[in-house]
Amino acid sequence: MSELTSADYQVWLKNLKTQIQSAQQRAVLAVNQELLKLYWQIGNDILQRQQQQGWGSKIIDQLAQDLRQAFPELKGFSARNLKYMRRFAETWQDSEIVQQPAAQLPWFHICTVMDKLKTGSERQWYMQKAVEYGWSRNVLVHQIESRLLERQGNAATNFAQTLPSPQSELAQQTLKDPYIFDFLSIGADAHERDIEQALTQHISQFLLELGAGFAFVGKQVHLEVGEQDFYLDLLFYHLKLRCYLVIELKAGDFTPSHVGQLSFYLSAVDEHFKTEHDAPTIGLLLCKNRNKVIAEYALRDNSKPIGVAEYQIAQSLPPNFEDKLPSIERIEQELQANWSDEE
C-alpha cells in the first residue's frame, strides 16, 4: 500500500493519464479528418457526375435513400447533408482542405461557415480562430453574427507609440470596436454602474466578448492615492500580454478628459499591483459614443497605453417587429429538431 501512495507512483499515474488523454484526442482528430475526407470525396463525386452526366438534383434524394438503406445504423447521409457535401467540395475545390487545421473542426462547424460566410478569407479566419480557441458551434455562430473579424483590432489606440513591438501589435489586436453587449437586459440609457453590475452578473458572456486571454480581477477595485480613495470600474489581467487592463465605462460620449482620468488610474495600478514581471498596464475606455478623430487627438501625446472603443447594448428593432419574432428558446428547439430529422 505504501508503494501505491508514494510520490513516484502518483507522478507516474499523472503521466499515464496525460498520455491516455492525448491518445484519445489524437484518435478523435483522426476520425474527424477521415470523416471530412469521405464527405469531400462524396461531394466531389456528386459535383463531377452532375456536371459531366447532366444529373439533376433528384439524384441526391435517390442517393440519400440508397445509402440509408445500405447503412441504416449510420447518420449523416440525409439529402440535406449530401447537399452540404457537394457545397463542401464546391467551396474547397482542393482536397487538401482536410489536411489543414480546419480538419480539426466538427462537420457542423464547417456547415455553419459555408452558410454564413461568403469569401474564402473570411471562412479561413473564423475557422482558424475556432480551432485556436476551441469555439463550440454556438460560439462560432455568435462570433460570425457579431462581425468579430470587422471589429477586431479596430479600437482607437496609442499602442504603437507607448508599447514596444511586438506587444503593441498584440495589444492592438486584443481590443475591438465596437463591443457588443447584446446579452444585457438593460436599457440603452443605463448608467455606468448599471452596466458594470450587469456585465459582472454575466461575466462568462462578457469574457467571451472581450476575447481569449482575459482573467477577471474585480469590479470597483479600491485604490488609495494621496490619502484619497479611488475605485476602478473593472480590472482584468491578460495572460498573453502579461499585464493588467483597466476598463472604464462611460454611459455618454467620449471626451478628452476621460483620457486624463484613465491615465491616472494606470499610474496607480502600476504602482500598487504591477510587479517586475508584468508589462505596463493598459487602459480601455468603453463609451456609448466616440468620435474617432477626437479620440486619436486625445491619445496622440499621452504616454500611457490606452484604447478607446464604443459599446452597444443591443441591436434595436422597430417596435412593431419585436412582438412578431419567435423566442430564442423556440428557435433553438426548432433547429435541434430539424437537425435530428435530417441526420
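In the block above lies the structure referred to throughout.
Residues numbered from 1 in each chain as written. Predicted model: local features only at pLDDT ≥ 70, side-chain atom pairs only at ≥ 80, totals over all residues. Heavy atoms only, no water.

**Things to note about the packing of aromatic side chains**
Part 1: Here the structure, examined in full by the defined rule, presents 16 aromatic pairs.
Part 2: Relative to Trp107, the ring of Tyr39 has its centre 4.8 Å away and its plane inclined at 70°; by these criteria the two rings are edge-to-face. In this pair, Tyr39 sits in helix H1 (residues 7-53) while Trp107 sits in helix H4 (residues 107-116), placing the two residues 68 residues apart along the sequence. The pair formed by Tyr39 and Trp107 is uniform in burial state, with each residue classed as buried.
Part 3: The interplanar angle of 55° and the centroid separation of 5.8 Å between the aromatic rings of Tyr244 and Phe273 together place this pair among those described as tilted. Of this pair, Tyr244 sits in strand E5 (residues 243-253) while Phe273 sits in the loop between helix H12 (257-272) and strand E6 (282-289), and the two are 29 residues apart along the sequence.
Part 4: Of the residues examined, Tyr244 reaches a relative accessible area of 15% and is grouped as buried.
Part 5: Feature note: the residues Tyr179, Phe181, Phe206, Phe214, Phe216, Phe236 and Tyr311 constitute an aromatic cluster, connected by ring pairs.
Part 6: Its guanidinium or amino end placed over the ring of Trp92, Arg123 lies 5.7 Å from that ring's centre, counting from NZ or CZ.
Part 7: Over the aromatic face of Tyr297 sits the side chain of Arg300, whose NZ or CZ is 4.4 Å from the ring centroid. (Phe/Tyr/Trp six-rings, centres within 6.5 Å; stacked < 30°, edge-to-face > 60°. Helix = DSSP H or I, 4+ residues; strand = E, 2+ residues; numbered from the N terminus. Buried < 20%, exposed > 50% of the residue type's maximum accessible area, 1.4 Å probe, protein only. Lys NZ or Arg CZ within 6 Å of the ring centre and 35° of its normal.)

**Focus: the nonpolar core**
Part 1: Judged by nonpolar contacts, the single largest core of 36 residues is most densely connected at Leu82, Phe88, Trp92, Trp107, Ile110, Met114 and Tyr126.
Part 2: Here this core takes six residues from helix H3 (residues 79-91), the largest share from any one element.
Part 3: When sequence neighbours within four positions are dropped, the list of residues in contact with Phe88 reads Leu36, Tyr39, Trp40, Ile97, Trp107, Ile110 and Met114.
Part 4: Counting 31 residues, the second-largest nonpolar core is a separate cluster that includes Tyr179, Ala198, Leu199 and Ala251. (Core = buried A, V, L, I, M, F, W, Y, C linked by side-chain atoms within 4.5 Å. Contact = heavy atoms within 4.5 Å.)

**With respect to the pattern of salt bridges**
Part 1: Enumeration over the complete set of coordinates arrives at 10 salt bridges.
Part 2: Where Asp115 meets Arg87, a salt bridge forms, and the shortest distance between an N and an O atom there is 2.8 Å. Of this pair, Asp115 sits in helix H4 while Arg87 sits in helix H3, and the two are 28 residues apart along the sequence.
Part 3: Of the charged contacts in the structure, one is a salt bridge between Glu132 and Lys240, with a shortest N-O distance of 3.7 Å. On the criterion of sequence distance, the pair formed by Glu132 in helix H5 (residues 120-133) and Lys240 in the loop between strand E4 (228-238) and E5 is long-range, its members being 108 residues apart.
Part 4: When its relative accessible area of 45% is taken as the criterion, Glu132 is described as partly exposed.
Part 5: Salt bridges sharing common partners tie together Lys129, Glu132 and Lys240. (Salt bridge = Lys/Arg side-chain N within 4 Å of Asp/Glu carboxyl O.)

**Considerations on unusual backbone geometry**
Part 1: Backbone torsion omega between Ser165 and Pro166 reads 5°, so that peptide bond is classified as cis.
Part 2: Structurally, the position occupied by Pro166 is in the loop between helix H8 (159-162) and helix H9 (167-174).
Part 3: Looking along the chain, the bond that leaves Asp177 and enters Pro178 is cis, with omega of -5°.
Part 4: One can find Pro178 in the loop between H9 and strand E2 (179-180).

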